[in-house]
Amino acid sequence: MNTRETEVARELGRPGGSGVVWPSAKLLYALRACAVLATAYPDDRMKAADIARISKVPARYLTAILCELRAADIVDARRGHNGGYVLAHDPSDISVADLTRAISRFELFAPTPRARLKPRLPFVDELQQRLRDVTSEAFCTTSLADLAIGG
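These numbers come from a predicted model, not from an experiment. (Residues numbered from 1 in each chain as written. Predicted model: local features only at pLDDT ≥ 70, side-chain atom pairs only at ≥ 80, totals over all residues. Heavy atoms only, no water.)

Trainee: It is not clear to me how unusual backbone geometry should be interpreted in this structure. Could you clarify?
Mentor: Peptide bonds are trans in most cases, and residues, glycine excluded, mostly fall at negative phi. Going from Tyr41 to Pro42, the amide bond is cis rather than trans, its omega being -5°. In the Ramachandran plot, Lys56 falls in the positive-phi region, its phi being about 60° despite a non-glycine side chain. The phi dihedral of Asp73 falls on the positive side, at around 60°, and the residue is not glycine. Looking at the secondary structure, you find Asp73 in the loop between helix 4 (59-71) and strand 1 (75-78). (Helix = DSSP H or I, 4+ residues; strand = E, 2+ residues; numbered from the N terminus.)

Trainee: Help me understand the pattern of salt bridges in this model?
Mentor: Once their charged atoms are close, side chains differing in charge can pair, the charge on each being opposite to the other. Per the counting criterion, the structure on display carries 4 salt bridges. A salt bridge links Arg45 to Asp76; the nearest nitrogen and oxygen atoms lie 2.8 Å apart. Placement of the pair is Arg45 in the loop between helix 2 (25-40) and helix 3 (48-55) and Asp76 in strand 1, with a sequence separation of 31 residues. We note a salt bridge from Asp98 to Arg101, for which the minimum N-O separation is 3.7 Å. Remark: Arg101 and Asp98 occur in helix 5 (residues 96-104); sequence separation between them is 3 residues, near one turn of the helix. (Salt bridge = Lys/Arg side-chain N within 4 Å of Asp/Glu carboxyl O.)

Trainee: Teacher, can you tell me more about helix 5 here?
Mentor: Because each turn of an α-helix spans 3.6 residues, side chains separated by three or four positions in sequence point in the same direction. Along helix 5, the residues classified as buried are Val96, Ala97, Leu99, Thr100, Ala102 and Ile103. In the stretch just after helix 5, Arg105 is the one whose phi turns positive, near 65°. (Buried < 20%, exposed > 50% of the residue type's maximum accessible area, 1.4 Å probe, protein only.)

Trainee: Looking at this model, I keep getting lost on the nonpolar core. Mind explaining?
Mentor: Across soluble globular proteins, nonpolar side chains show a tendency to be buried alongside one another. Ranked by internal contacts, the top residues of the largest apolar core, which has 30 residues, are Leu37, Ile51, Leu69, Ile74, Val75, Leu87 and Leu99. Only helix 2, helix 3, helix 4, strand 1, strand 2 (84-87), helix 5 and helix 7 (144-150) provide two or more residues apiece to this core. Top contributing element to this core by residue count: helix 2, with 10 residues. Beyond its immediate stretch of four places on either side in the chain, Leu69 contacts Cys34, Ile74, Val75, Leu99, Ala102 and Ile103. (Core = buried A, V, L, I, M, F, W, Y, C linked by side-chain atoms within 4.5 Å. Contact = heavy atoms within 4.5 Å.)

Trainee: Looking at this structure, how should I read the packing of helix 4 against helix 5?
Mentor: To describe two helices that pack against each other, one gives the angle between their axes and the distance between the axes. Following both chains from N to C, one finds helix 4 and helix 5 inclined at 110°, their axes separated by 9 Å at the closest point. Relative to helix 5, the element helix 4 is oriented roughly perpendicular. Judged by the sense of rotation from one axis to the other, the crossing of helix 4 with helix 5 is right-handed. Residues Ile65, Glu68 and Leu69 of helix 4 touch helix 5, and the partners they reach there are Leu99, Ala102 and Ile103. Residue composition of the contact of helix 4 with helix 5, grouped by class: 5 nonpolar, no polar and 1 charged. (Axes fitted to C-alpha atoms, helices over the stretch in contact; angles between N-to-C directions. Parallel < 35°, antiparallel > 145°, perpendicular 65-115°, else oblique. Left-handed = near helix turned anticlockwise from the far one by under 90°. Nonpolar A, V, L, I, M, F, W, Y, C, P; charged D, E, K, R; others polar.)

Trainee: Looking at this structure, how should I read the pairing of strand 1?
Mentor: The side chains of a regular strand alternate between the sheet's two faces. Burial of the side chains of strand 1 is restricted to one face: Val75 and Ala77 are buried, whereas none of Asp76 and Arg78 on the reverse face is. Taken together, the 4 bridges between strand 1 and strand 2 define a ladder with antiparallel strand orientation. Looking at the pairing, Arg78 lines up with Gly84 of strand 2. (Pairing = 2+ DSSP bridges.)

Trainee: Teacher, can you tell me more about the side chain of Ser143 here?
Mentor: In this fold, Ser143 is placed in the loop between helix 6 (122-141) and helix 7. Reaching out from Ser143, the side chain makes a polar contact with the backbone nitrogen of Ala145 at a distance of 3.3 Å. Not counting the four nearest positions on each side in its chain, Ser143 is found in contact with Pro91, Ser92, Ile94 and Ser95. (Polar contact = N/O pair within 3.5 Å; in protein donor to acceptor, adjacent residues only side chain to side chain.)

Trainee: Would you mind showing me how to read the environment of Ile51 here?
Mentor: As for its placement among the helices and strands, Ile51 is situated in helix 3. Between the C-alpha atoms of Ile51 and Ala35, which are 16 residues apart in sequence, the distance is 9.7 Å. Sequence-distant contacts of Ile51, that is, excluding residues within four places in its chain, are made with Ala33, Val36, Leu37, Met46, Lys56, Leu62, Leu66 and Tyr85.

Limitation: the analysis is restricted to geometry and does not speak to function.
Right, dumping it as structure tokens:
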């Protein structure tokens, strides 16, 4: 990775030169917002402005993210003076994998374009599968409650 690529990676919040697959900014924002909601569960509904302030997620992105999480039945919303957002289920029952699927709209990994599948290299295929297994295990076994405790 050249110097310019490293600078761009840092600007995007990615570790420069690490070769690590990094989640999108949208997923990171959703994780931060849900960690905040997990700390308030089940007693407190939170206003979007408060979630944005505490999680340091830009308000303009947070609104769209909360809408997607509501459609995925991860977040519940109510309008009005006593309204706000709350997790729809116990944070220990919502995995990072669930959140990733809600935000990414596909399984944990984006499908590989067909053009990149040729020529097949068995050692690369095996390495990719091992990476998928490790990542899937981490995403499926980490809950929003774990994020709230660790955050």
